[in-house]
Amino acid sequence: MRALASAGAGFLLAVLWFDLMFDVQARGHRATELPDDVLASIAGYYARVTTAARPMNRLVALAMLVTLGALIAELFDDELPVWRAAASLALTFAAIALAAAHTVPSAVRLGARHDDTVTQSRMARSILRDHLFCVAGIVTVLLLQLLPA
């Protein structure tokens, strides 16, 4: 289970990395509104990966479920100390819950570009914050999984 959990967390980290390549464009702008070319780039990316990529975008959700399943199974085997398995599960669940409740709906909405630029700018910055939180959690999960037991 540890290998499956590590592979799942690695996949999720790769997805986060790709998202962050666009999200970081929201950094460094002091104005309330991000420049239109920045918003267009970020929104275009999220329009593609959240809506236009169907059904391939479902692979990310499947990877999340498989990773959670592997982490739950780890609680019942002896590959890792229980505290490491439980911490991995809690961190992964927190990242996935944030994605499901906030990040993905915001990305879909940003990708549609129906809101005013202030709202779009706020969403782009909040997606960046969400992804930074998730990266920290998933990197920690990988360390907990890959360090020797």
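To be clear, the structure that these remarks concern was listed above.
Residue numbers here run from 1 along each chain, matching the order of that chain's written sequence. Predicted model: local features are reported for residues with pLDDT of at least 70 only, side-chain atom pairs are reported and counted for 80 or more only, and whole-chain, interface and lining totals are derived from all residues. The side-chain values count all of the structure's non-hydrogen atoms but skip hydrogen atoms and water molecules.

A. Focus on the packing of aromatic side chains. In summary, the pairing rule links any two rings of Phe, Tyr or Trp, Trp by its six-membered ring, whose centres are within 6.5 Å, and it sorts them by plane angle into stacked for under 30 degrees, edge-to-face for over 60 and tilted for everything else. All chains considered together, the criterion is met by 2 aromatic pairs. Geometrically, the ring pair formed by F22 and Y45 is stacked, given 4.2 Å between the ring centres and 10° between the ring planes. Linking F22 in helix α1 (residues 2–23) with Y45 in helix α2 (residues 36–52), this pair joins segments that are 23 residues apart in sequence. Their ring planes at 70° and their centres at 4.9 Å tell us that Y45 and Y46 sit as a pair that is edge-to-face. Relative accessibility under 20% of the residue-type maximum defines a buried residue, over 50% an exposed one, and the middle range a partly exposed one, all with a 1.4 Å probe and only protein chains included. The exposure class of Y46 is buried, given its relative accessible area of 2%. Every member of this aromatic cluster is reached through a ring pair, and the members are F22, Y45 and Y46. Only DSSP runs of H or I with at least four residues qualify as helices, and only runs of E with at least two residues qualify as strands; both kinds are numbered from the N terminus onward.

B. Fine view of helix α4 (residues 82–112). How far a helix is expected to stretch is found by multiplying one less than its residue total by 1.5 Å. For α4, spanning 31 residues, the distance from its first C-alpha to its last is 43 Å, which sits close to the expected 45 Å at 1.5 Å a residue. The axis of α4 is deflected most strongly, by about 50°, at A99. Backbone geometry just after α4 places R113 at a positive phi near 55°. Two axes enter the bend calculation: one fitted to the seven residues ending at the residue in question, the other to the seven starting there, and the bend is the angle between them.

C. Examining a nonpolar patch on the surface more closely. Taken together, M1, L4, F11, M56, L59, L62 and V66 make up a surface patch of nonpolar side chains, about 630 Å² in accessible area. Elements that contribute at least two residues to the nonpolar patch include exactly α1 and α3 (58–74). Among the elements that take part in the nonpolar patch, α3 stands out by supplying 3 residues, more than any other. Inspection of the secondary structure puts M1 in the segment before α1. Assessed through its relative accessible area of 41%, M1 is described here as partly exposed. Patch criteria: residues need more than 30% relative accessible area and no salt bridge. Like-charged residues are merged within 9 Å; nonpolar side chains of Val, Leu, Ile, Met, Phe, Trp and Tyr are merged within 5 Å. All accessible areas in this document rest on Shrake-Rupley with a 1.4 Å probe, and a residue is counted as covered only by the protein chains that are shown. We count a salt bridge whenever a side-chain nitrogen from Lys or Arg sits within 4 Å of a carboxyl oxygen from Asp or Glu.

D. Local environment of the side chain of D19. The topology assignment puts D19 in helix α1. One buried charged residue, D19, forms no salt bridge at all, with the nearest opposite charge on R48 at 9.9 Å. Distance and chemistry together define a polar contact, namely a pair of N or O atoms within 3.5 Å, with one atom able to donate a hydrogen and the other to accept it when in protein, and with adjacent residues in sequence counting only for side-chain atoms on both sides. In this structure the side chain of D19 is engaged in a polar contact, spanning 3.3 Å, whose partner is the side chain of H131. Contacts are assigned to residue pairs that have any heavy atoms within 4.5 Å of one another. When neighbours within four sequence positions are excluded, D19 is seen to be in contact with Y45, Y46 and H131. His is not counted, nor are the chain ends; Lys and Arg add positive charge and Asp and Glu add negative charge.

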